[in-house]
Every structure is written in structure tokens, then in C-alpha cells.
Amino acid sequence: MEWWLLTFFFSAILSLFIPIVPEFSLLLIILLVSLIFIFIGKFRFMAIALFAVVWILIAGSQYQDTLAQNNIKLDQLHKKVHLIQGEVSNIVHIKSGSSRFNFLVSHWQGRKVNEKFKVRLTWKAPDKPLLQGQKWQLAVKLKPAHGLANIGGFNYQVWLRQQQIVATGYVKTKTKTKIKAETQTKKQNILLHQQISWRQYLYQKLSVVLADKPLGALILALGFGERGELTREHWRVLSATATQHLIAISGLHIGIVAFASLIFIRTVIRLLPLSSLLSTPWQLKLMQINLSYAPILCSGVMAWYYAYLAGFSIPTLRALVMLLLFWSLKMMHLKVTLLPWLLLAVLIILLVWPLSLLSASFWLSISALVIIFSTFSRFSMRTIAPVLTRDKISLLTLEPLPETRLKKQWHGVKARVLLWLKTLLVMQLALTIAMLPIAASLNYQLPLAAFFANIVAVPLMSVTVIPLTLLAVIALPFSLWLAHFFTDLALLSLSYVWQWLLYLASAEWAVFAISYQQIQAMMVFFVIIALAVFFRLTKAKFIAALSLFITAVGIDFFSAEQQQEWRLSVLDVGHGLAVVIEKNHHVFLYDTGASYPSGFNMADAAILPYLKHQGYQAIDGVIISHNDNDHAGGLRHLRAKMAIKRVIANDLALKPDRHCISGQRFTWQGLVFEVLSPMQADGDKNDDSCVVTISDGFHRVLLPGDISIKQEKRLLNVAGMAKKLSSDILIAPHHGSKSSSSRGFLTAVMPRYVVFSTGYLNRWQMPSDEIMGRYNSFDITTFNTVDEGMVTFKFSQTTGGANIDPSANDNKGNIADTVIDASVEVISYRDDIRPYWFVN
């Protein structure tokens, strides 16, 4: 059975590497065929593998066809305001006056939908508080689920898919547009049913209890899985100490609640004087009942209730499945080892929630369980054997004790405490070390304080804070005083834990920045260690494997010397621009994307994750083309998070180190930057954009900012400018608007490639069809970050003789050395880096 389960699991994983989802009808036929062949012995493994692949793809197909199944045209979704009815399906997050929530749609434009679907909405200053369980009629503007596509960044589109959210948008509060006549309803936002959920009721009551408490947001997260109230400081401490898992309700929390309730009910049953309280007939009836099932049932009910309080989030549902499966096997007296139990749980999870495979929390949970089971199986006997002597075993099995009863009882208690401490230490050490690369891959920082944080926080939180928080929530409907009492105890215990975490997070050694390449090397190293420890490699094999690893790392390190190769990446930052230039492990930026009133900005969402992924600790320089928000908005966020050696801009509000004026020229890492425009340091209009060329002596890139046709003509009228404009790569002026990219300008530049940096279904409809046609008429290869995600150009060249010095050009711009071979490699995120169906 284990092999069948493993076949299903690994085949399901393989389904993620398919570029597109086939037609639903074809998938259904393959599914039925695989089900038939499962009953034929020699084809069983192949049939199980095929079934697993198709099952995951069917889930992907159903998600993609959700709107079509409800007769909603995808291409018309964003073009007008729609009237919808439905229910607020989660606890609303309020930030900067805006409410963000999930909405389960039941009616579309006045008609009932064929299948309810979920959308994610933002409502600025709603008329009434939005609460889970309420039913509303809303006027909304929507777009299909979409997200930024950059290396290192959070993939919002994958998260939306995993959460079954098919569209995102906002509530229209004021509009001049009228709803279609067939709805015969005035367009307005109306509360249809104000009944709220029980979870929302408890959340509100606990929020009042925790009002003005510094750590109240953490208690709310522990009680309801809602982390919207956590501040940046909370996240900084949790991230630095790798304790984010403590405030995300998952397997650990469900397990604690289930175990605590099991022990409590067992203790109550044992201590209750049933013979005194019950009459003889009732005692006889009670004897016919197996009371051992009562604690198990109570444990399952309490775990279910805690999962409900957490909103039945996917992590809690997974943990609940594992727990209920474990208890079910126990109650049926089926002896199943840990591996089959885990694989059976995974099978059930993937059958019920196939898109769990897209969830990072799923893989974190599986990884943690595998590490715990492997460590337990490898070290449990070694840990227990020295502790349990014959006398201690007799004590634990309740055999008759000699006269030295008290002394041996003390030794027995001491042995059990030592065993518990040793187990805790070994497990936490194994988890910390093995999970370090995984934790580092989340935010590209190595939490060196993780072991010291978790060895204290996990036991204290498990024994005090988490049970007390749940008791406070349980007491809320019955006694506010009792809820206050439990909450105060939880806060008191949490304060000690938090002080310890604060102390560790403030240590200079607590966090170490690490690149993706270093994370990969660390994973390989840990695999070698794991093979040596768990599979008992001989010394010779271990030394050979370690030597190969050290050699590979050494070659990679010493080959990272200065080279002619360099790269330029246009990041996907929506409507805006952010260009990253890299060479010799140094980085330079042109523009920084936008920043929004909500606090969301492209520096944190796209630029910094990419730089951290690449391992950069500082930025050599930033050029800001002009002061429009979509080009300069991210600069202050960049400055706050990473050192910038110099800023080149014309707007004094940006606090530049120098201005960007036509005629300036400087060399950076062997690349020549030349400013072609503007003539004066204004920087407050599109035509004041800092127009820059970057050249390695053979390839040239033109960065024109948001200049219009008017400024393009001015440039072309400057003597000798047409030759300087000639480039291999062009970043489309003003995102491809009709007001730019004139024929004369394109004739002078004559690029091989052009990149449009635009927003998804942006209201300006950039790039315009007219401009796209113009570029196509020049036979220029076009890329759009909306379709391709981030676009990277890798420039390489092979030369004869000495290295190329780009500054040693003749009057015609030719390089001094003879170029034998030169090339430009184009890589896009969606087509080359992650060309998978669940990403695109």
C-alpha cells in the first residue's frame, strides 16, 4: 500500500510541471480510463500515477473555467461595473481606512449563479462595518486573478488560485454609470442581511477584551488565525527568530488542543466518583459503554472547534484530517505505522483539496513531519535506552515496588523529565537545522537564532499561551470576567516569551542575509549530512561526497570573478518601471516602481525580493527618470531597507546625490552610462525624463523614461543624437502610450527588442494597438511584462586579445578590440523560468 500511496503523491507533484491544462472533457476521459485500469494488477501503478496527475489538472481546469460556467465573459469583466450579491466569507482586514475581504458571490447582475465563486474586494471607507456572515449587494469593478511575476517575489496569482479566488477588484461607492436596464435595480451598496457568524461575534468580543494591549494582536492571531492586526515590528521579530509558525494556526496548534482536551477528559473521568453519583442501573449501563472513546471524541470535537475559529483555513483542515484519521485508525484497532498514516492523510487532503499542492504551508507541514518522524526513528532508542533502567521500567509499568518506594518514584519522575527534555532538545535541534534552508528561502535571511527562540517559545506557548487563549475564547459567551482572567494569564505568559524573542531579534548575529544560490548549496550540504546520519554512510563515502560538494562550491566561488557578461532585467511592477542592471555581483537601478496610500509598494513587492534572491546587500546607484509616482514611488522604501551609494535624480524632494543632465557620462563596472536628456534639472514632467543609454562597447540599451513624441523630436534635432539613440534594446517610452514612439524615433533607435512595462488591464489601455502595430511594422520583437512577467536580457561577448574597454571607443563608437562573437539571450519569467499552468 505504501508504494501505491507514494506513487500517487509523486505523480501529483509531477502534474505541476505541465505548461497548460488540457480540455476538461479530455481529462475526464483519461480519469475514467485510469479508474478502470486501477483494478488490473499489472497496470495498477501506471493507472494510479495517471489518476493523480489528471485529478490535480481537473481541479486546475475547474478553477480556470469558473467564470465561464457562470456565463460571465472574461474579456468583459473589467470593462464595466457589475452588481453582485453574496456573503462576506472572512473576518475583514482594515488598513488605512480601507476594508479588504473575500466575498462569496451568489448572484451576478440580478441572476443566481450556477456555481458560487469567491472574489477578493477592497472597499474604501464603507458605509457600515463589514462583518463575516453579512450578506450584501455591491457594485464592483473586477479583474481576473492576476499577480506580479518576478524572481524572488511572492506570487499573488498562485496564492489566489490556491485560495480558489477567481477575481479581484474594488467596491464602487460613487459612479455615474447606470446598471443595465434588465436588472431594474439602482446601483448601490446595500446590506441585505446583517446576521454575522459566530466566529465574527467571538472575534469582536475578544478584540474588546484585548483593546489597547500591546500583544493583543498576537492573541487574536492565536485564537482566530487572523494576522491583519500584526504590526511591522511583530513581523520583524517573528521573522528574525523563525517563529512565524507559532501565530499561524496549523498542525502544532490543533495537536496541542487535541492532546490537552484528551488528557483533561481522561483525568475528569478517572477522578469523578461515578459510583457515588450514579444509581446502580446507571452504573450498569455505564459499564456497557467503552469510556475510552469519550476522550477521543472530545479531542476531535475540540480540534474541529479550533479549526472553525481559524476560519477552516486550509492548514487547519489539513491538520484536522490528519488528527481524525489517526483517531479513526485507533478506534478501529488498526495498527498503522507513521509513514502509511502520513501518506493516507496526504491522499485524503489531495483528493479533497487538490490545489493544496500550491500552498507553501502544505510543504512546510510535510517537511516538518518527515523531519520529526525521521529523527524519532533514528534517535529514539538511543535516547531512551540509557535512561530506562530495570527499576524505572517497573515503575512505569506499575509493578509492585520494593521498600524504597519514594526514592524510586523520585528516580522515575526524574527519568521521565530527563527523557522529555532530551526528546525536546533533539527534536527541536533537528527541526531547526533541517528547516533552516526552507526558512531562509521564504525571505532570504538565515535565522541563526531560530533554535534558541523555538526551544523556549514552543514549550511555553504550547503549555500556557495557546490553551489559555482557547479557554478565553470558550469562556467569552458565558463569562466576560473569566475570559478576561484567561486572557490576562495568556498575555502574561506571552510577555515573557516575547521579551525573549525581542532580545534574540535585536542581536546582530540573529539574522544573516543569504542568496538563493547559497540556499541551494546549504540544502545540498544538509542532504549529504542527512545521508551520513540516517543511512549510515561509511567514512570513505561521506568524505568523498563532502569533497565533491566543497570542490563544486569552490569552483563556483572562484569562477565568480569579473566577467564581460552582464544582465538587464525589467521587473514586473504593474503600471510603472523598475530596471535592474547587474554585473560582477554589483547592481544598479533605473526607476523604482510605484508606492500606494495603503502602504503597498513595488520596492517591497518586487525589487527587494529580487535583490535579496540574488544576494545583494547594497545598491551601487539608482537613477530616477522623473518624479511620477510610478517611477519614483519606491525610492524611499528602498532607502529604508537597503544601502544606496548614490541617487541620480532631478527632483530635489528625492534628495539626490547628483542631477541627471544631458552630456553626463560615467563608467560603472565597465559599462558606460550616458545621459542624452534633459538639458535642465526639472524632473517634474514626462518630457523631463532622464534619458540614458547603457553600453558595453558592443550592445546598447536605451532607457527613455516617459518622454513624448515632442521630446523625441527634440532629441532627433540634436546633431549626432541619432547615432547615440541607436540601440539593441529599448524600454518603450511612456509604457507604449499613443503620445510616444514616433516613427522617426523608432527609425533612429532601430532596436531588436522592446519591452513594455505596463499594468494588468490598465485603464489607459497601454500599450495601445496603434503603437503595437507600429513596432510590428518595424519588425521589432516585443515583450510586455503583463504577459511575460519580468524580462531579462543576458549580454555576453567573446573577444580576441585584451579585454574590452568600453571607454576606448573611436569616434564612430566602435570598440578597440575585435569582437569575435556576441549574443543577447532573452529570458522571461512566464515562458522560461516558471512556464507552468498554475503560475500563468
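Since this is a predicted model, take the numbers as computed values, not measurements. (Residues numbered from 1 in each chain as written. Predicted model: local features only at pLDDT ≥ 70, side-chain atom pairs only at ≥ 80, totals over all residues. Heavy atoms only, no water.)

A. Looking closely at empty space enclosed by the protein. If you walk through the whole model with that rule in mind, you get two cavities of 30 Å³ or more. The volume enclosed by the largest cavity comes to roughly 50 Å³. Forming the boundary of the largest cavity are Leu218, Leu222, Leu238, Leu246, Ile247, Met461, Leu494, Trp498 and Leu501. Of all the elements in the fold, those that place two or more residues in the lining of the largest cavity are α7 (216–224) and α19 (480–505). Sorting elements by how many residues they give to the lining of the largest cavity places α19 first, with three residues. When its residues are assigned to classes, the lining of the largest cavity shows nine nonpolar, no polar and no charged. For the second largest cavity, the calculated volume is near 30 Å³. (1 Å grid on protein atoms, 1.4 Å probe; cavity = no way out; pocket = protein on both sides within 12 Å on 5 of 7 lines; lining within 4 Å. Points joined across faces, edges and corners; volume = space filled by probe spheres on them. Helix = DSSP H or I, 4+ residues; strand = E, 2+ residues; numbered from the N terminus. Nonpolar A, V, L, I, M, F, W, Y, C, P; charged D, E, K, R; others polar.)

B. Local environment of helix α8 (residues 232–240). For α8, the set of buried residues is His234, Val237, Leu238, Ser239 and Ala240. Looking one or two places after α8, you find Ala242, whose phi comes out positive at around 55°. (Buried < 20%, exposed > 50% of the residue type's maximum accessible area, 1.4 Å probe, protein only.)

C. How the structure looks around the nonpolar core. Judged by nonpolar contacts, the single largest core of 73 residues is most densely connected at Leu611 and Ile619. Broken down by element, this core gets its largest block of residues, nine residues, from helix α3 (residues 44–64). Beyond its immediate sequence surroundings of up to four residues, Ile619 is in contact with Val587, Leu589, Leu611, Leu638, Met642, Ala643, Ile644 and Lys645. Grouped together as the second largest cluster of nonpolar side chains are 63 residues, Ala240, Ile256, Ala307 and Leu309 included. (Core = buried A, V, L, I, M, F, W, Y, C linked by side-chain atoms within 4.5 Å. Contact = heavy atoms within 4.5 Å.)

D. Spotlight on the packing of helix α1 (residues 2–14) against α3. Across the interface, α1 lies against α3 with an axial gap of 8 Å and an inter-helix angle of 40°. Crossing of α1 over α3 shows right-handed handedness. Residues Trp3, Trp4, Thr7, Phe8, Ser11 and Ala12 of α1 lie in contact with α3, whose contacting residues are Arg44, Phe45, Ile48, Ala49, Phe51, Ala52, Val53 and Ile56. For the contact of α1 with α3, a count of residues per class yields 11 nonpolar, two polar and one charged. (Axes fitted to C-alpha atoms, helices over the stretch in contact; angles between N-to-C directions. Left-handed = near helix turned anticlockwise from the far one by under 90°.)

E. Structural context of the side chain of Glu712. The topology assignment puts Glu712 in helix α25 (residues 709–716). Lacking a salt bridge, the buried Glu712 has Arg774 as its closest oppositely charged neighbour, with an N-O distance of 6.7 Å. Of the polar contacts made by the side chain of Glu712, one reaches the side chain of Ser742; its length is 2.8 Å. Beyond its immediate stretch of four places on either side in the chain, Glu712 contacts Ile707, Pro733, Ser740, Ser741, Ser742 and Phe745. (Lys, Arg positive; Asp, Glu negative; His and termini not counted. Salt bridge = Lys/Arg side-chain N within 4 Å of Asp/Glu carboxyl O. Polar contact = N/O pair within 3.5 Å; in protein donor to acceptor, adjacent residues only side chain to side chain.)

F. Structural detail: the pattern of salt bridges. With the rule as written, the count across this model stands at seven salt bridges. Between Glu233 and Arg236 there is a salt bridge; the shortest N-O distance is 2.9 Å. Of this pair, Glu233 and Arg236 are both found in helix α8, three residues apart, which corresponds to roughly one turn of the helix. The partner of Lys724 in a salt bridge is Glu674, with the nearest N and O atoms 3.1 Å apart. Here the residue Lys724 occupies a position in helix α26 (residues 721–725), and Glu674 occupies one in strand β18 (residues 671–677), the gap between them amounting to 50 residues. We classify Lys724 as partly exposed; its relative accessible area is 37%.

G. Unusual backbone geometry, seen in detail. Cis geometry marks the peptide bond from Ser677 to Pro678; its omega dihedral reads 10°. By the element assignment, Pro678 lies in the loop between β18 and β19 (691–695). That bond from Met766 to Pro767 is cis: its omega, -5°, falls within 30 degrees of zero. One non-glycine residue, Phe312, lies in positive phi territory at about 50°. Within the element layout of this structure, Phe312 appears in the loop between α12 (293–309) and α13 (314–331). At Lys655, a residue that is not glycine, the phi angle is positive and equals roughly 55°. Tracing the backbone through its elements, the reader meets Lys655 in the loop between β16 (647–648) and β17 (665–668).

H. Molecular detail of the packing of aromatic side chains. A full pass over the atoms with the stated rule returns 38 aromatic pairs. Judged by centre distance (6.1 Å) and plane angle (85°), the rings of Phe452 and Trp509 are edge-to-face. Of the two residues, Phe452 sits in helix α18 (residues 450–475) while Trp509 sits in the loop between α19 and β9 (511–513), which places them 57 residues apart along the sequence. For Phe452, a relative accessible area of 40% corresponds to the partly exposed category. When the ring of Phe666 is compared with that of Phe673, the centres are 4.9 Å apart and the planes differ by 15°; the resulting orientation is stacked. (Phe/Tyr/Trp six-rings, centres within 6.5 Å; stacked < 30°, edge-to-face > 60°.)

I. The arrangement of the sheet that holds strand β23 (residues 781–784) in detail. Reading across from one edge, β17-β18-β19-β20-β21-β22-β23 is the order of the seven strands in this open sheet, with mixed pairing throughout. With partners counted over all chains shown, the strands left at the sheet margins are β17 and β23, one partner each. Direction aside, neighbouring strands of the sheet carry axes that sit 20° apart on average. In terms of strand pairing, strand β20 (residues 700–703) meets strand β21 (residues 729–731) through two bridges, oriented parallel. Each residue of the ladder has a partner; that of Val701, found in β21, is Ile729. Contacting β21, β22 (753–756) and β23, helix α28 (residues 769–777) crosses the sheet at an angle of about 165° to β22. (Pairing = 2+ DSSP bridges.)

J. Expanded view of the state of the cysteines. Considering all chains together, one arrives at one disulfide under this definition. Note that Cys660 is cross-linked by a disulfide to Cys690, the S-S spacing being 1.6 Å. Around the S-S axis, the bridge from Cys660 to Cys690 shows a dihedral of about 50° and counts as right-handed. Residue Cys660 is located in the loop between β16 and β17, and its partner Cys690 is located in the loop between β18 and β19; the two are separated by 30 residues in the primary sequence. Residue Cys660 shares its accessibility class with Cys690, and that shared class is buried. (Disulfide = S-S within 2.5 Å.)

K. A look at the environment of Asp832. Tracing the sequence through the fold places Asp832 in helix α30 (residues 829–833). When the C-alpha positions of Asp832 and Val791 are compared, they lie 9.8 Å apart, and in sequence the two are 41 residues distant. If we skip the residues at most four places from it in the chain, Asp832 touches Val826 and Ile827. Of the polar contacts made by the side chain of Asp832, one reaches the backbone nitrogen of Ser828; its length is 2.8 Å.

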